[in-house]
Amino acid sequence: MFFRKKDTFIEPDSTEGEHVRSEQVSIAYQQAFASVYPLLLGSFVVYFFFYQSSLFSITIVWFLSVLITLIWRVLLLKSYQNHIDKYTTSVWERQFKYVMFTSAALWGSVAFFIYQTPNTLQQFFLIFLIAGIASIASGTLASLFSLAVIFLFILLAPLFTMMWLHGGFEFHMMGILVAVFFVLLVSASKRIHSNILSALVSKILYQKATEALNLSEERFETIFKEAPAGIFYYDNELMVIETNNEMLQILKISREKMIGLDLKTLPDTSLNGAMSIVFDGQKGYYEGYYTTMFNKLRLWIILRTTPIYDAQQNVIGGVAIVTDRTDKIIAEEKIKHQAYFDSLTDIPNRILLKDRIEQSLAHYRRYRSLVAVMFLDLDHFKSINDSLGHHVGDVLLVETAKRLNKICREGDTVARLGGDEFVILINELGIDPHIAAKNVESIAEKIHQTISFPFLIDEQESICTAASIGIVLVSSDEQNADDLLKFADTAMYQAKKEGRNTTRFYQEQMDQWIKKRLFMENALRHSISNGELELYYQPLIEVSTKKIIGAEALLRWNHPDMGLIMPDDMISIAEESGLIVPIGEWVMRKACTQFNRLQSKNTGISTMNRIAINVSAIQFRQADFVDKTIRIINESGIPPYMVEIELTESTVIDKIDSVIEKMGQLRAFGIGISMDDFGTGYSSLAYLKRLPFSTLKIDRSFIRDIMNDSDDAVLVQTIIAMASIFKLDVIAEGVETIEQFEFLERHGCQYFQGFLCSKPVQVQRFEELLSYDVQSCQTRH
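### Considering the packing of aromatic side chains
When we look at a pair of aromatic rings, we describe it by the centre distance and by the angle of the planes.
Then step 1. Counting across every chain of the model gives 17 aromatic pairs.
Then step 2. Centroid distance tyrosine 47 to phenylalanine 63: 4.9 Å. Interplanar angle 35°. Geometry classified as tilted. One end of the pair, tyrosine 47, is in helix H2 (residues 36-50); the other, phenylalanine 63, is in helix H3 (residues 56-82), and 16 residues separate them in sequence.
Then step 3. On the basis of relative accessibility, which here comes to 9%, the residue phenylalanine 63 falls in the buried class.
Then step 4. Ring geometry for tyrosine 289 and tryptophan 300: centres 4.8 Å apart, planes at 85°, overall edge-to-face. Here the residue tyrosine 289 occupies a position in strand E5 (residues 284-291), and tryptophan 300 occupies one in strand E6 (residues 298-309), the gap between them amounting to 11 residues.
Then step 5. An aromatic cluster of at least three residues, connected via ring pairs, comprises Tyr29, Tyr80, Tyr87, Trp92 and Phe96.
Then step 6. Directly above the ring of phenylalanine 455 sits arginine 403, whose terminal nitrogen or CZ lies 3.6 Å from the centroid.

Here you go:
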């Protein structure tokens, strides 16, 4: 940056000052080249004047020195022109000064030749030659003012000295004239230097302004083209005259279609107001949905418009900046949708349902129009989900939601709370509770009917299911959404308790059942530490020898207040609360320890070699189940081959690869694995072939009627034959008569258990039974 103060330029130490100095040196080099030929001519004239005089030798030396200096000057000028980047500006300036100072000294020495010739004409020529060189130098060297001053001093000082020392008034006056001439030349050189410097500064400022303008234009062009927002210009006729890349990306069109587009012809007129208002000198704004002309894109945009003025401040058009917020709006709507709708079935979730129930209750309090909440749970959904896989379960839930929506009215709400639980909010049931209950019951009956129709999964697999439904009608102004959901849930559990696939209305006595269930769950948490759990054993008999060769460990709960509680009354509670895992570990540890002790006390009974332990699906799916099982067996001291864990079909079908890996680890350790209740689930022979079972247990439901139901008899025969093919042991459950036993014996069943020998008994009683065969067992029983 340069600052003018009384025609003086102050140059700060900066790259700008260095650039100016470089230009000054360049001017000096250019000017110095022009004076080479005049100096060469002048040197020949001086040589001609004195080559025949007594100063011949000095003249020769002088002449050769001048020639060498001129050659030096020419070589330096050529080097500067061809290799200007070889040295810095200060180096080139220093070398230039050496040449010029040498030249000034040589030509200044010409003053000593003046009085060596009597020829007055020659004297005046020499004086005129020195003065001419000084005059030229004051201009050609003015770009480097300090150099010019020193050059003039070196050049004119000898002439002044010769005039002053020669004596006489005339010569003294001529010396004074030389001094005045020197001052005039310095002053002229100073003015020239100032003009050169002013021109250079103006040139640099112009260059910088030009560069800044170009840079500004480039930046504007870059910002315009690469801006993250869409930008376009339009004229007073609403014709697009320019646009950027982002605008083309937003509209998904080519530049050719955009340039020249008549904005007045846009089918969607949402933007017209914001674009036209600029002609009144105002800024425009629009935010909302916009449908594009060419691709019919549905966009959410923000449009800002600003007038464009000419030099006279007349509006000549407008500039529009467009921000595409479509993705953000869609994401926000998706997040909002996810917050209030179930991700699987896309129907309202618990949050939205509760909000709508509260709205319905507010309407009820004002207009007394009754509201009903219907709680629906799919029967046996867990078995379907576990056996056929989560994919099938998910499809079943989606299809159920669709069927429920078709049944319900437009003003009702079908929601999913989670799992297989659905809730239906029914509004506008009138003011008569009896009529309302009848209407709701009719809707429930339609739901039972539509749910009972088979579900086609993946267009090939047909699934049949049913539903248990609980219903509650609003009966008090104090009731809220949580109350109605709780009451409907209670009624639904009552429907399940009474056989499933039915409907129950909420009654206050149902609360007692719920409270009892909660009481049992809390008591079950302390059952192990309180020593309330006990194992019963049901003998396992070998058909061929009619001897007890093992037992199945069965859990009982001796509660101090509720008495003896059977597994059917507590296992579901244990599974839902997660208590099944510690209880299952306790059962395994206790069974292995007691059975090993029985083996030690009854060493003469070599045939007793199997203890069967039931394992819950939840327990089996624990990541550390295999490690814990092996550790428990090792700690109890029982040989692994004597332990057999019983798994249901639903346990092994889910996540088949992981199940196979766990079963393989257990079998490798020596533990037997039986499939419990075989034939009651949804498994296939392909699964049976892949899974490393050692035993199949035929469910008691097939054994019960084998003597009078040919289908059951054939099914049992088939299972026994199939097990023989797969080299699996077969155990028949629920054998109660000699006829059943004999049937199994005839068809090759290897083992059985049932009341024919003994019901499940405590460990002491089981020990007494070890020496009996089937007939004696029956007699003792």
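### Observations concerning the packing of helix H14 (residues 390-407) against helix H15 (residues 433-452)
Any two packed helices are characterised by the angle at which their axes cross and by the distance between the axes.
Then step 1. Axis separation between H14 and H15 bottoms out at 10 Å; the angle between their running directions is 145°. Of the two elements, H14 crosses H15, and the hand of that crossing is right-handed. The residues of H15 that touch H14, namely those facing Thr400, Arg403, Leu404 and Ile407, are Ile443, Lys446, Ile447, Thr450 and Ile451.
Then step 2. Class assignment of the residues belonging to the contact of H14 with H15 gives a composition of 5 nonpolar, 2 polar and 2 charged.

### Topic: the pattern of salt bridges
Where charged atoms of side chains with opposite charge meet at close range, the side chains can pair.
Then step 1. Here the structure, examined in full by the defined rule, presents 25 salt bridges.
Then step 2. Residues lysine 354 and aspartate 482 are paired through a salt bridge, measuring 2.8 Å at the closest nitrogen-oxygen approach. Here the residue lysine 354 occupies a position in helix H12 (residues 350-367), and aspartate 482 occupies one in helix H16 (residues 481-497), the gap between them amounting to 128 residues.
Then step 3. Exposure remark for lysine 354: the relative accessible area of 28% places this residue in the partly exposed category.
Then step 4. Given the relative accessible area of 43%, aspartate 482 is considered partly exposed.
Then step 5. Between aspartate 379 and lysine 496 there is a salt bridge whose closest N-O contact spans 3.0 Å.

### A short note on the nonpolar core
Then step 1. Ile611 and Leu744 are the most contacted members of the largest nonpolar core, which totals 82 residues.
Then step 2. Broken down by element, the residue count for this core peaks at 10 residues, all from helix H19 (residues 580-601).
Then step 3. In this view, isoleucine 611 contacts Tyr537, Ala551, Ala553, Ala591, Phe595, Ile638, Met642, Val643 and Glu644; residues no more than four positions away in its chain are not counted.

### Here's the deal with unusual backbone geometry
Then step 1. Look at lysine 296: it is not a glycine, yet its phi comes out positive at around 55°.
Then step 2. Along the chain, lysine 296 turns up in the loop between E5 and E6.

### Let's talk about the sheet that holds E6
Then step 1. Strands sit in the order E4-E3-E7-E6-E5 across an open sheet of 5 strands; the sheet is antiparallel. A strand with exactly one partner marks an edge of an open sheet, and here the two such strands are strand E4 (240-243) and E5. Taken pair by pair, the neighbouring strands of this sheet meet at an average axis angle of 25°, ignoring direction.
Then step 2. The pairing of strand E3 (residues 230-235) with E4 spans 3 bridges and is antiparallel. Counted as the bridge partner of tyrosine 234 is valine 240 from E4.
Then step 3. With respect to the sheet, helix H11 (residues 326-340) is in contact with E5, E6 and strand E7 (315-324), its orientation differing from that of E6 by roughly 145°.

### Focus: a nonpolar patch on the surface
Then step 1. A cluster of nonpolar side chains, contributed by Trp164, Leu165, Phe169, Met173, Ile176, Val180 and Leu184, occupies part of the molecular surface with about 730 Å² of accessible area.
Then step 2. Taken together, the elements giving at least two residues each to the nonpolar patch come down to helix H6 (145-165) and helix H7 (169-226).
Then step 3. Inspection of the secondary structure assignment puts methionine 173 in helix H7.
Then step 4. Taking relative accessible area as the criterion, methionine 173 reaches 36% and is therefore assigned partly exposed.

### Let's talk about the environment of glutamate 410
Then step 1. Locating glutamate 410 in the fold gives a position in the loop between H14 and strand E9 (413-418).
Then step 2. Residue glutamate 410 is classed as exposed on the basis of its relative accessible area of 83%.
Then step 3. Separated by 16 residues in sequence, glutamate 410 and isoleucine 426 have C-alpha atoms that sit 9.9 Å apart.

### A word on the sheet that holds strand E10 (residues 421-426)
Then step 1. Sheet architecture is open: 5 strands sit in the order E9-E10-E8-E13-E14, paired in mixed fashion. In the strand order of this sheet, the two ends are held by E9 and strand E14 (503-505), each with one partner. Between one strand axis and the next, the sheet turns by 20° as a mean value, whatever way the strands run.
Then step 2. Two strands pair when backbone bridges link them, and strand E8 (residues 372-378) and E10 are joined in this way by 6 bridges, in the antiparallel orientation.

### Points about the pairing of strand E13 (residues 467-473)
Where a strand is regular, its side chains alternate between the two sheet faces.
Then step 1. For E13, the buried fraction is high: 7 of the 7 residues fall into the buried class.
Then step 2. Of the two faces of E13, the one lined by Ala467, Ile469, Ile471 and Leu473 and the one lined by Ser468, Gly470 and Val472 are each fully buried.
Then step 3. Two strands pair when backbone bridges link them, and E8 and E13 are joined in this way by 7 bridges, in the antiparallel orientation. Its bridge partner lying in E13, aspartate 377 is registered against serine 468.
Then step 4. Taken together, the 3 bridges between E13 and E14 define a ladder with parallel strand orientation.

### Focus on the confidence of the model for the chain
Then step 1. When pLDDT is averaged across the chain, the result is 85; 91% of the residues are at 70 or more.
Then step 2. Note that pLDDT drops below 50 for residues 1-13; the model gives that stretch 22 contacts with residues more than four away or on any other chain.

### Topic: the side chain of glutamate 644
Then step 1. Note on placement: glutamate 644 falls in strand E19 (residues 643-648).
Then step 2. The charged side chain of glutamate 644 is buried without a salt bridge, its nearest counter-charge being arginine 610 at 4.0 Å.
Then step 3. The contacts of glutamate 644, once residues within four sequence positions are left out, are Arg610, Ile611, Ala612, Ile613, Gly672, Ile673, Ser674, Ser694, Thr695 and Ile731.

Conventions and cut-offs
Residues numbered from 1 in each chain as written. Predicted model: local features only at pLDDT ≥ 70, side-chain atom pairs only at ≥ 80, totals over all residues. Heavy atoms only, no water. Phe/Tyr/Trp six-rings, centres within 6.5 Å; stacked < 30°, edge-to-face > 60°. Helix = DSSP H or I, 4+ residues; strand = E, 2+ residues; numbered from the N terminus. Buried < 20%, exposed > 50% of the residue type's maximum accessible area, 1.4 Å probe, protein only. Lys NZ or Arg CZ within 6 Å of the ring centre and 35° of its normal. Axes fitted to C-alpha atoms, helices over the stretch in contact; angles between N-to-C directions. Left-handed = near helix turned anticlockwise from the far one by under 90°. Contact = heavy atoms within 4.5 Å. Nonpolar A, V, L, I, M, F, W, Y, C, P; charged D, E, K, R; others polar. Salt bridge = Lys/Arg side-chain N within 4 Å of Asp/Glu carboxyl O. Core = buried A, V, L, I, M, F, W, Y, C linked by side-chain atoms within 4.5 Å. Pairing = 2+ DSSP bridges. Patch = residues over 30% accessible without salt bridge, like charges linked within 9 Å, V, L, I, M, F, W, Y side chains within 5 Å. Areas by Shrake-Rupley, 256 points an atom, 1.4 Å probe, with all protein chains shown as cover. pLDDT = per-residue confidence, 0-100. Lys, Arg positive; Asp, Glu negative; His and termini not counted.

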